[in-house]
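Below are the chains, spelled out letter by letter.
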Amino acid sequence: MPEVAQPRNISLAVTGASGSIYAAEILRALVADTRVTKINFVVSGSSLRVLAEELHLSGRNDLAEKLIGAASPKIQQHTESDIGANIASGSYPTAAMIILPCSMGTLAHIANGLADNLIHRAADVCLKENRPLILCVRETPFNRIHLRNMQLASDAGATIFPAIPTLYNHPQTTQDMARNFIHRVLAHIGLPQPNAYQWQPD
Ligand SMILES: Cc1cc2nc3c(=O)[nH]c(=O)nc-3n(C[C@H](O)[C@H](O)[C@H](O)COP(=O)(O)O)c2cc1C
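Residues numbered from 1 in each chain as written. Predicted model: local features only at pLDDT ≥ 70, side-chain atom pairs only at ≥ 80, totals over all residues. Heavy atoms only, no water.

Draft legend 1. Region of the structure containing the pairing of strand β4 (residues 96-102). Burial runs high along β4: seven of the seven residues are buried. Neither face of β4 is open: one carries Ala-96, Ile-98, Leu-100 and Cys-102, the other Met-97, Ile-99 and Pro-101, and all of them are buried. In this structure, strand β1 (residues 9-14) lies alongside β4, joined through four bridges in parallel fashion. Each residue of the ladder has a partner; that of Ser-11, found in β4, is Met-97. (Buried < 20%, exposed > 50% of the residue type's maximum accessible area, 1.4 Å probe, protein only. Helix = DSSP H or I, 4+ residues; strand = E, 2+ residues; numbered from the N terminus. Pairing = 2+ DSSP bridges.)

Rendered as structure tokens:
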């Protein structure tokens, strides 16, 4: 994928698949990245259940702050039901949208054009405006419906970027694993991270 010219305005959605630590790490990296001036942040209702299970966080209020340990003026959190939010419109200049993790339910909605919440609608807008849409899908095993929906979303212009960590960088912690993964996602939308692991062949 070509580099995004001015990757300043990023949408991040978190849905109800396993992998809350990825959401925390990518939000932290986006906040720290001086090239990013605005983060439109949306979480699904189901993701709150997973966040409670995996990170022992509860409630939607101040969720970004709870995830990364500090508030940031760059983050605007939207409710999933607010289909009148800025990112629901193609006239709003979103540079790229990342859904991490992306559940099979959200994938199905996007792949089939069923834009009935803000996450689905903002993704639909990225596809119609030919903007990068990164779906970090997570499920195992995949059934044929999941596979078909990935194909449909990919054909429509989304990048299927499965939330699968690497081991060749010898991660010592789940945070190491998550960081390496989110570095790959950010590089993919033109935001390479200075501390990213790079494979050094012999
Ligand atoms: C602890 C937990 C883990 C889950 N993990 C996954 C998963 O990895 N992938 C997935 O597609 N759904 C997973 N689910 C189910 C989704 O949360 C559920 O299908 C939900 O309706 C998705 O809604 P959303 O796409 O609006 O977030 C999980 C649910 C729970 C409670």
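Now that the structure has been shown, we can carry on.
Draft legend 2. Looking closely at the packing of aromatic side chains. Enumeration according to the criterion identifies four aromatic pairs in this entry. Ring geometry for Tyr-168 and Tyr-197: centres 6.0 Å apart, planes at 45°, overall tilted. Remark: Tyr-197 occurs in the segment after α7 (174-188) and Tyr-168 occurs in the loop between β6 (159-160) and α7; sequence separation between them is 29 residues. In this structure Tyr-197 comes out as partly exposed when scored by relative accessible area, which is 36%. Between the aromatic rings of Tyr-168 and Trp-199, the centroid separation amounts to 5.8 Å while the plane-to-plane angle is 75°, which identifies the pairing as edge-to-face. Here Tyr-168 is found in the loop between β6 and α7, whereas its partner Trp-199 is found in the segment after α7, with 31 residues between them in sequence. (Phe/Tyr/Trp six-rings, centres within 6.5 Å; stacked < 30°, edge-to-face > 60°.)

Draft legend 3. Structural view of the side chain of Ser-103. Locating Ser-103 in the fold gives a position in the loop between β4 and α4 (104-111). A polar side-chain atom of Ser-103 sits 3.3 Å from the main-chain amide nitrogen of Gly-105. Aside from chain neighbours lying at most four places away, what touches Ser-103 is Thr-15, Gly-16 and Ala-17. (Polar contact = N/O pair within 3.5 Å; in protein donor to acceptor, adjacent residues only side chain to side chain. Contact = heavy atoms within 4.5 Å.)

Draft legend 4. Highlighting the pattern of salt bridges. In the structure shown here, the tally under the stated rule is six salt bridges. The shortest N-O distance in the salt bridge between Arg-28 and Glu-25 comes to 2.8 Å. Of this pair, Arg-28 and Glu-25 both sit in helix α1 (residues 20-32), separated by three residues, roughly a single helical turn. Given the relative accessible area of 29%, Arg-28 is considered partly exposed. We classify Glu-25 as buried; its relative accessible area is 4%. (Salt bridge = Lys/Arg side-chain N within 4 Å of Asp/Glu carboxyl O.)

Draft legend 5. Summary view of the site of the ligand. Taken together, 13 residues lie around the ligand, and Gly-16, Ser-44, Ser-103, Thr-106 and Arg-138 are the ones closest in. Within the side chain of Ser-44, a nitrogen or oxygen atom sits 2.6 Å from an oxygen atom of the ligand. Here a nitrogen atom of the ligand and a side-chain polar atom of Glu-139 are 3.4 Å apart. In isolation the ligand exposes 640 Å². Once the protein is present, 66% of that is buried. Counting residues per element, the ones that place at least two in the shell around the ligand are α2 (45-55) and α4. (Near = heavy atom within 4 Å. Areas by Shrake-Rupley, 256 points an atom, 1.4 Å probe, with all protein chains shown as cover.)

Draft legend 6. The arrangement of α4 in detail. What α4 keeps buried is the set Met-104, Thr-106, Leu-107, Ile-110 and Ala-111. Along α4, the residues classed as buried sweep out an arc of 160° about the axis, all on the same side. On its buried face, α4 is in contact with β4, α5 (118-128), β5 (133-137), α6 (144-155) and β6. Among the residues of α4, the N-terminal cap falls to Ser-103, whose side-chain oxygen and the backbone nitrogen of Gly-105 are separated by 3.3 Å. (Arc of directions from axis to C-beta.)

Draft legend 7. Molecular detail of the environment of His-188. Position of His-188 relative to the elements: it lies in helix α7. Judged by its relative accessible area of 24%, His-188 is partly exposed. Along the chain, His-188 and Thr-159 lie 29 residues apart, while their C-alpha atoms are 9.5 Å from each other.

Draft legend 8. Summary view of a nonpolar patch on the surface. A cluster of nonpolar residues, Tyr-168, Tyr-197 and Trp-199, forms a patch on the protein surface that exposes about 360 Å² of accessible area. Under the relative-accessibility criterion, Tyr-168 is labelled partly exposed at 40%. (Patch = residues over 30% accessible without salt bridge, like charges linked within 9 Å, V, L, I, M, F, W, Y side chains within 5 Å.)

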